Amino acid sequence: QVQLVESGGGLVQPGGSLRLSCAASGNMDRWNIMGWYRQAPGKQRELVAEVWSVGTTNYLDSVKGRFTISRDNTRNAVYLQMNSLKPEDTAVYLCNVRFIVSRSQYWGQGTQVTVSS
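Residues numbered from 1 in each chain as written. Predicted model: local features only at pLDDT ≥ 70, side-chain atom pairs only at ≥ 80, totals over all residues. Heavy atoms only, no water.

It is worth spelling out the environment of D29 at this point. With respect to the element layout, D29 can be found in the loop between β3 (18-26) and β4 (32-39). Relative accessible area serves as the criterion here: at 28%, D29 is assigned to the partly exposed category. For the pair D29 and V97, spaced 68 residues apart in the sequence, the C-alpha separation amounts to 10.0 Å. A polar contact is formed between the side chain of D29 and the backbone nitrogen of W31, at a distance of 2.8 Å. (Helix = DSSP H or I, 4+ residues; strand = E, 2+ residues; numbered from the N terminus. Buried < 20%, exposed > 50% of the residue type's maximum accessible area, 1.4 Å probe, protein only. Polar contact = N/O pair within 3.5 Å; in protein donor to acceptor, adjacent residues only side chain to side chain.)

This brings us to the side chain of R38. If you trace the backbone, R38 turns up in strand β4. At 2.7 Å, the side chain of R38 forms a polar contact with the side chain of E46. In this structure the side chain of R38 is engaged in a polar contact, spanning 3.0 Å, whose partner is the side chain of Y93.

Taken in spatial order, the 4 strands of this open sheet run β1-β3-β8-β7, and their pairing is antiparallel. Strands at the two margins of the open sheet, each flanked by one partner only, are β1 (2-7) and β7 (67-72). Going across the sheet, the axis of each strand differs from the next one's by a mean of 15°, ignoring polarity. Relative to strand β8 (residues 77-82), β3 runs antiparallel, the two sharing 6 bridges. Residue pairing across strands places A23 opposite A77, the latter belonging to β8. (Pairing = 2+ DSSP bridges. Axes fitted to C-alpha atoms, helices over the stretch in contact; angles between N-to-C directions.)

Shape descriptors only; they carry no functional weight alone.
Next up, the structure:
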């Protein structure tokens, strides 16, 4: 079992920045992908960014150049630095970890990000 705890969400004005953090605890396989998804009301959940344990990253096209994902393998943590935020970035952001060998995955409880003036 793995537990994920997110922090860092909140209310920010358009153009502002937020940094999300997610700490994982439990039985973490070293070969994993940690990522951030988001879900806005009435919309499907979408992958925002992910980072493999070897460092490879992928981003949703609409956040490229604005968001940066990073991880600290010594702390089993993943971060999402979000700059130049837009109202359309408003959503619940969920931390996710997927294990490559077992193909199991775990979710955090989510943190609300609201971009509004």
